[in-house]
Amino acid sequence: MVDLRTPLFIANWKMNKVGREVQAFVGPFCEATQRQSSRGEMVLAPVAVYLSDLTKMTQGTHVQVAAQNCGAAKSGAFTGEISPVMLKDLGVRWVILGHSERRHVFKEDNALVNARLKAALEEGLTPVFCVGEKLEERKANRTFSVIEGQLAGLKDLGEAILKPLVIAYEPVWAIGTGENATPDQAQEVHAFIRQWLSKNISSTFANRTRILYGGSVKAENSAQLMSMEDVDGLLVGGASLDPLSFGEIVNRGLKS
Ligand code: PEP
């Protein structure tokens, strides 16, 4: 079962990189990670306007492309949204959902994130569903209850449609702060998530679902984080902007 959890590394570029910078990333990153390309999956998430270009640039390489969000409807009067149907039409298979910045800066609540998730799954996309607690919630010993609340909507969707789901644990206090969760802190929450999946979906689903860690990952901590039993991959923001830095995170992570 555990063998099915191929290591997965995702670069979340957030609102960074214009076209020429997107283009300049691909060659050096592919070259840096080529030798390990059969050992893990590698995905780049540019801003939406470059999804089409990046999809073309990465064709025939070992690198895949993700959107940073998607709409909850197939089409209609939703100014500024991009539907999962459109992502699929571009050949984009992956989509990050419920990222901390979407939840806390843009005030997306659990109901909206769940609606986006359902729409993405119905279109056959592979969602990377982000969960994580704020610092004050951790300090108040509410980490597990916050994460339970974020996961709760999965129960309504049912195991069959959830099959491709990837979960990312990203403690809000670790995102972009330089202060990563320790490998033990990450493992504790990842194990909790896996137990929750086992209890509320099924043990088969729990055993084969990848749970990524995100929050101030860099080359210096990627191997240690990846060596934890329930850490199946990494979602990387700041340190993914440079192709060699992200390549090093992947390469060290895959060697652990
Ligand atoms: C993220 O944006 O998902 C993230 C984890 O950012 P950073 O690596 O910069 O903390």
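Everything that follows concerns the structure shown earlier in this document.
None of the values given here were measured: they were computed from a predicted structure. (Residues numbered from 1 in each chain as written. Predicted model: local features only at pLDDT ≥ 70, side-chain atom pairs only at ≥ 80, totals over all residues. Heavy atoms only, no water.)

A. Looking closely at the overall build of the protein. The helix and strand inventory of the protein stands at 13 helices and eight strands. Expressed as lengths along the three principal axes of its C-alpha atoms, the size of the protein is roughly 45 × 45 × 35 Å. For the protein, the residues scored as buried account for 54% of the 256 residues in total. Taking all contacts inside the protein whose residues are at least 6 apart in sequence as the whole, residues at least 24 apart take part in 72%. For the protein, the distance from the average position of its 28 positive side-chain charges to the average position of its 28 negative side-chain charges is 2 Å. (Helix = DSSP H or I, 4+ residues; strand = E, 2+ residues; numbered from the N terminus. Buried < 20%, exposed > 50% of the residue type's maximum accessible area, 1.4 Å probe, protein only. Contact = heavy atoms within 4.5 Å. Lys, Arg positive; Asp, Glu negative; His and termini not counted. Charge placed at Lys NZ, Arg CZ, Asp CG, Glu CD.)

B. Expanded view of the environment of Gly40. With respect to the helices, strands and loops of the structure, Gly40 is situated in the loop between helix H1 (19-33) and strand S2 (41-45). Between the C-alpha atoms of Gly40 and Phe9, which are 31 residues apart in sequence, the distance is 7.6 Å. Every residue in contact with Gly40, bar those within four places of it in the chain, is listed here: Thr6, Pro7 and Leu254.

C. Structural view of the environment of Val47. Mapped onto the elements, Val47 comes out in the loop between S2 and helix H2 (51-57). Between the C-alpha atoms of Val47 and Ala67, which are 20 residues apart in sequence, the distance is 7.2 Å. Leaving out residues up to four positions away in the same chain, Val47 has contacts with Lys14, Met15, Asn16, Lys17 and Gln68.

D. A look at the sheet that holds S2. The sheet built from eight strands closes into a barrel, its strands ordered S1-S2-S3-S4-S5-S6-S7-S8 with parallel pairing. Each strand of the sheet is rotated relative to its neighbour by a mean of 25°, with strand direction disregarded. Bridging between S2 and strand S3 (residues 63-67) involves three bridges; their strand directions are parallel. Each residue of the ladder has a partner; that of Met42, found in S3, is Val63. Strands strand S1 (8-12), strand S7 (211-214) and strand S8 (233-236) of the sheet are contacted by helix H12 (residues 219-226), whose axis makes an angle of about 145° with S8. (Pairing = 2+ DSSP bridges. Axes fitted to C-alpha atoms, helices over the stretch in contact; angles between N-to-C directions.)

E. Looking closely at the side chain of Arg194. Mapped onto the elements, Arg194 comes out in helix H10 (residues 183-200). Among the residues examined, Arg194 registers a relative accessible area of 7% and is labelled buried. At 2.9 Å, the side chain of Arg194 forms a polar contact with the backbone oxygen of Ala206. (Polar contact = N/O pair within 3.5 Å; in protein donor to acceptor, adjacent residues only side chain to side chain.)

F. Inspection of the site of the ligand at higher detail. Within the structure, the ligand sits among 14 residues, and Lys14, Glu170, Gly176, Ser216 and Gly237 are positioned closest to it. At 2.8 Å from an oxygen atom of the ligand is found a main-chain nitrogen or oxygen belonging to Gly237. Against a free-state accessible area of 290 Å², the protein chains account for coverage of 96% of the ligand. Its residues assigned to classes, the shell around the ligand shows four nonpolar, eight polar and two charged. (Near = heavy atom within 4 Å. Areas by Shrake-Rupley, 256 points an atom, 1.4 Å probe, with all protein chains shown as cover. Nonpolar A, V, L, I, M, F, W, Y, C, P; charged D, E, K, R; others polar.)

G. Summary view of the pairing of S7. Of the two faces of S7, the one lined by Ile211 and Tyr213 and the one lined by Leu212 and Gly214 are each fully buried. In terms of strand pairing, strand S6 (residues 166-169) meets S7 through three bridges, oriented parallel. What sits directly across from Ala168, in S7, is Leu212. The pairing of S7 with S8 spans three bridges and is parallel. Note on S8: the bridge partner recorded for Gly214 is Leu235. Crossover handedness for the path S7 to H12 to S8: right-handed. (Right-handed = clockwise from strand over helix to strand, strands pointing away.)

H. Main features of the state of the cysteines. Inspection of the entire model under this criterion finds zero disulfides. Looking at the unpaired Cys70, the closest cysteine sulfur is the one in Cys130, lying at 12 Å. (Disulfide = S-S within 2.5 Å.)

I. Expanded view of the pattern of salt bridges. By the definition in use, this model includes 14 salt bridges. The partner of Glu41 in a salt bridge is Arg93, and the shortest N-O contact between them spans 3.8 Å. Taken together, the residues span a long stretch of sequence, with Glu41 in strand S2 and Arg93 in the loop between helix H3 (84-90) and strand S4 (94-97) at a distance of 52 residues. (Salt bridge = Lys/Arg side-chain N within 4 Å of Asp/Glu carboxyl O.)

What is shown is where atoms sit, not what they do.
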